[in-house]
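So the chains spell out like this:
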Amino acid sequence: MRAPDTDDILLQVERVALSFGGVKALRDVSFNIRKGEIRAIIGPNGAGKTSMLNVINGFYRPNHGAITFKGRTRAKMQPFEAARGGIARTFQNVALFKGMSALDNIMAGRTLKVRCGVLWQLLRFGPALAEEVEHRRKVEEIIDFLEIETIRKVPVGRLPYGLQKRVELGRALAMEPDLLLLDEPMAGMNLEEKEDMSRFIMDVNNHFGTTIALIEHDMAVVMDLSDRVAVLDHGVKIADGTPDEVKRSQTVIDAYLGIAH
Amino acid sequence: MLYREAGQFKTTYAEDMAIFPIRQDRIALAILLGIAFIGVPLLATFRIWPFGSDYLLWAILLPFLILALAAIGTNILVGYCGQISLGSGAFMAIGAYSAYKLATGVHIPLASLGFAIAIPPLPVLASILLGGFMSAGVGILFGIPSLRIKGLYLAVATLAAQFFFDWAFLRLPWFTNYAPSGSVNAPELDFFGVVVRTPVERYLLCLLFVTVLAVLAKNLVRGNLGRQWMAIRDMDIAAELIGIRPLYAKLTAFAVSSFIIGVAGALWGFVYLGSWEPLAFSIERSLDLLFMVIIGGLGSIMGSFIGAAFILIVPILLNVLPTELGLPLSTQTITHLQFIIFGSLICYLLIKEPHGFARLISIGKEKLRLWPFPY
């Protein structure tokens, strides 16, 4: 694992609050993500973990607070800006383009890297074709990496769940992100699939140096994979630190197991 | 056994990304193009069966080509980008009337300002293409609501376009150059000195337009823009988060789709009808195009051709068949029967294969690859 540089903060979330009507999903949550680390966000159901990711990549608009990404501070992110800035994302319940093949899904992830204009694409000739081949080569590298060669031309709607999750990770990787947000990448998987996915996540972090923020419920996975863990409960950050620190925190144990009265 | 790709190895990504990566498909396409570009004109020129009269060219092939083109346009918007449109007929009309105005010279009197905008008559080819661009512009305008509304609601918004332009071309005499009957006559089809008159020439002209535009459309849909359209169709939120701008993707789909439909409309008026009234582009035309796309296969260029053929040819066949078979039926009964059979055929097809002919063919191909073994 790449040693995280303590001074190098990629993303800083400051006092972000988000509410839906009367429900307070996030209450003044602050935390940061360092360049090159694997950062886990955990918490019981309804703690506001997914809301946090949605705020980070601009899908939700926080009521107040600030997000500093790559040195630029904003009150909120725009989804398009977040994508262009290098934030990629996978979803809790797979959000693939169902009618398209696995290959096309991952190719779609290259959208922001496409340089040729529509007129060239129309002719699909010369530089346009060369560029398309180049993107295909990059995408094939990802396909190799994720070991999904055999299903590249299958419409993703027909794939089993575990493979869909992998294709979704591939689509996010195709964006060559600086920050990868994974929302429960291992939900609903069996042990073997979880091991595969953990390996992919660690390899992404090692080989590409991608910073990863992940939400996961499997504590064994979280404790093994992550460099630092933030714990949310009812929209409040109740703990933050290395896996060992978090494991020993009495507040965290109480949040998960309840307090004896 | 014939349809096998065994032994056809692709060594480059470019080969694998070709329109027809399988050799047999390429051969079939070459034969089809050969028949369309050489066979049909030869047979028609020498009046060899089945081209003894011009009926097959005029009543079937010519409208088939133009409607297939319009169906490709509709498919880009509805099938690829997932924006339901009931205004295709209106965009055909915009293409046709714009081309007509440009070909006969545009004169906009601005009396209050004391001068007039006058554009001299343009050549036919320029008029047809500019008619397409005019349609694209209006398409973008009517595509703006799609950023806010989706699905059936958007369909209703595009229906508004249909009714508005039906009304405009019927009631505003400026569009028809103040023709008292409201119908307009297309100018002579002069392409840089080559005048297109006979049915064979008209057929070749349309074939050329359709082939070129179909290839360009295919290039777009298998390139990045096409992937953006399909991404918006399948999951717009995820599309936005990978950096696709919905505004750009949707409006380009409206523009490209309306352009193709506009050109088809101009061809329909200029090459097929010759003279026409606003009724030629009514809501029925829009519905026909939508049916073609649904039955042919949403999100398939080839499906657009098959759908157009089905919607156009089956009613004609049903009309002609009883007489050919010598059944003693009155023309009225035949017409009623035609509606009944055609309607139930559509129902049957959609129940059997909701994804249309294009999917049927791809399933067929899958099976054929393995034939005679089941696996």
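Fair warning: this is a prediction, and the values are worked out from it, not measured in the lab.

A separate point is the nonpolar core. The biggest cluster of nonpolar side chains holds 138 residues, and the ones touching the most others in it are Val167(A), Leu180(A), Ile128(B), Trp229(B), Phe270(B), Trp276(B) and Phe281(B). Per-element tally for this core: the top contributor is helix 10 (residues 246–273) of chain B, with 15 residues. Not counting residues within four places of it along the chain, the set of residues in contact with Trp229(B) comprises Ile76(B), Tyr80(B), Cys81(B), Leu220(B), Val221(B), Ala249(B), Thr252(B), Ala253(B) and Val256(B). Counting residues in each nonpolar core, the second largest holds 26 residues, with Leu10(A), Ile41(A), Met77(A) and Ile215(A) among its members.

All names here are of chain B. With domains assigned, chain B is organised as domain 1 (20–52) and domain 2 (53–107 + 114–370). Taken over C-alpha atoms, the centre of domain 1 sits 24 Å from the centre of domain 2. Taken together, the contact pairs 13 residues of domain 1 with 13 residues of domain 2. Both sides of the domain 1 and domain 2 interface together cover about 1,000 Å² of buried area, and 69% of this is carbon and sulfur. Our enumeration of links across domain 1 and domain 2 arrives at two salt bridges. Close ionic contact of Arg47 with Asp54 constitutes a salt bridge, the shortest N to O distance being 3.6 Å.

Contacts between the two partners involve 35 residues from chain A, matched on the other side by 28 residues from chain B. Note on chain A versus chain B: buried area summed over both sides is about 3,000 Å², and carbon and sulfur give 67% of it. Three residues stand out in chain A for area buried against chain B, namely Phe97(A), Leu122(A) and Arg124(A), and they jointly supply 20% of the buried area on that side. In this structure, the connection of chain A to chain B is made through three salt bridges. We note a salt bridge from Arg227(B) to Glu132(A), for which the minimum N-O separation is 3.0 Å. The tally of links from chain A across to chain B stands at nine residue pairs in polar contact (both at pLDDT 80 or more). Only helix 2 (79–85), strand 6 (87–90), helix 3 (102–108), helix 4 (118–123) and helix 5 (127–145) of chain A provide two or more residues apiece to the side of chain A that touches chain B. Among the elements that take part in the side of chain A that touches chain B, helix 5 of chain A stands out by supplying five residues, more than any other.

Residues and elements named next belong to chain B. Across the interface, helix 4 (residues 88–104) lies against helix 6 (residues 151–171) with an axial gap of 8 Å and an inter-helix angle of 35°. Note on packing geometry: the crossing formed by helix 4 with helix 6 is left-handed. Mapping the contact onto sequence places Ser88, Gly89, Ala90, Ala93, Ile94 and Tyr97 in helix 4 and Ala161, Gln162, Phe165 and Phe169 in helix 6. A per-class count over the contact of helix 4 with helix 6 returns seven nonpolar, three polar and no charged.

On to the packing of aromatic side chains. Two numbers describe a pair of aromatic rings. These are the distance of the centres and the angle of the planes. Residue and element names in this part refer to chain B. For the structure shown, the criterion picks out 21 aromatic pairs over all chains. For the ring pair Phe169 and Phe175, a centre distance of 4.9 Å and an interplane angle of 80° mean the geometry is edge-to-face. Judged by relative accessible area, which is 5%, Phe169 ranks as buried. The partly exposed category is assigned to Phe175, whose relative accessible area is 21%. Ring-pair connections join several aromatic residues into one group, and the members of that group are Tyr97, Tyr100, Phe142, Phe164, Phe165, Trp167, Phe169, Trp174, Phe175, Phe270, Trp276 and Phe281.

The next thing to look at is the sheet that holds strand 3 (residues 38–42) of chain A. Residue and element names in this part refer to chain A. An order of 6-7-8-3-9-10 is seen for the six strands of this open sheet, with the pairing classed as mixed. Edge positions in the sheet fall to strand 6 and strand 10 (236–241), since each has one partner strand and no second. Neighbour-to-neighbour, the strand axes of the sheet open up by a mean angle of 15°, direction not taken into account. As paired strands, strand 9 (residues 228–233) and strand 10 are joined by five bridges and run antiparallel to one another. Paired with Leu232 across the strands is Lys237, a residue of strand 10. The sheet strands contacting helix 1 (residues 49–56) are strand 3, strand 6, strand 7 (179–183), strand 8 (211–215) and strand 9, and the helix crosses strand 7 at an angle near 150°.

What follows deals with the confidence of the model for chain A. For chain A, per-residue confidence averages 91 on the pLDDT scale, and residues scoring 70 or more make up 97% of the total. Mean pLDDT across the elements of chain A ranges from a minimum in helix 10 (residues 250–257) of chain A, with 86, to a maximum in helix 3 of chain A, with 96.

By a widespread convention, an interface's size corresponds to the accessible area lost as its parts come together. Residues and elements named next belong to chain A. Parsing chain A into structural domains produces domain 1 (1–86 + 177–261) and domain 2 (95–176). Taken over C-alpha atoms, the centre of domain 1 sits 27 Å from the centre of domain 2. Of the residues lining the interface, 22 residues belong to domain 1; the matching set on domain 2 comes to 13 residues. Where domain 1 abuts domain 2, roughly 1,400 Å² becomes buried across the two surfaces, and 75% of that area is made up of carbon and sulfur atoms. Summed over the three residues of domain 1 that lose the most area to domain 2, namely Pro177, Met197 and Phe200, the buried surface amounts to 37% of that side. Viewed at the interface, domain 2 and domain 1 are joined by two salt bridges. Inspection of the region where domain 1 meets domain 2 yields two residue pairs in polar contact (both at pLDDT 80 or more). Listed by contribution, the elements that provide at least two residues to the side of domain 1 that touches domain 2 are helix 2, strand 7 and helix 7 (191–207). Tallied by class, residues from the side of domain 1 that touches domain 2 come to twelve nonpolar, two polar and eight charged.

So, how was this worked out
- Residues numbered from 1 in each chain as written.
- Chains lettered and ligands numbered in written order.
- Predicted model: local features only at pLDDT ≥ 70, side-chain atom pairs only at ≥ 80, totals over all residues.
- Heavy atoms only, no water.
- Core = buried A, V, L, I, M, F, W, Y, C linked by side-chain atoms within 4.5 Å.
- Buried < 20%, exposed > 50% of the residue type's maximum accessible area, 1.4 Å probe, protein only.
- Helix = DSSP H or I, 4+ residues; strand = E, 2+ residues; numbered from the N terminus.
- Contact = heavy atoms within 4.5 Å.
- Domains from an automatic or database assignment.
- Buried area = accessible area lost by both parts, 1.4 Å probe.
- Salt bridge = Lys/Arg side-chain N within 4 Å of Asp/Glu carboxyl O.
- Polar contact = N/O pair within 3.5 Å; in protein donor to acceptor, adjacent residues only side chain to side chain.
- Axes fitted to C-alpha atoms, helices over the stretch in contact; angles between N-to-C directions.
- Left-handed = near helix turned anticlockwise from the far one by under 90°.
- Nonpolar A, V, L, I, M, F, W, Y, C, P; charged D, E, K, R; others polar.
- Phe/Tyr/Trp six-rings, centres within 6.5 Å; stacked < 30°, edge-to-face > 60°.
- Pairing = 2+ DSSP bridges.
- pLDDT = per-residue confidence, 0-100.

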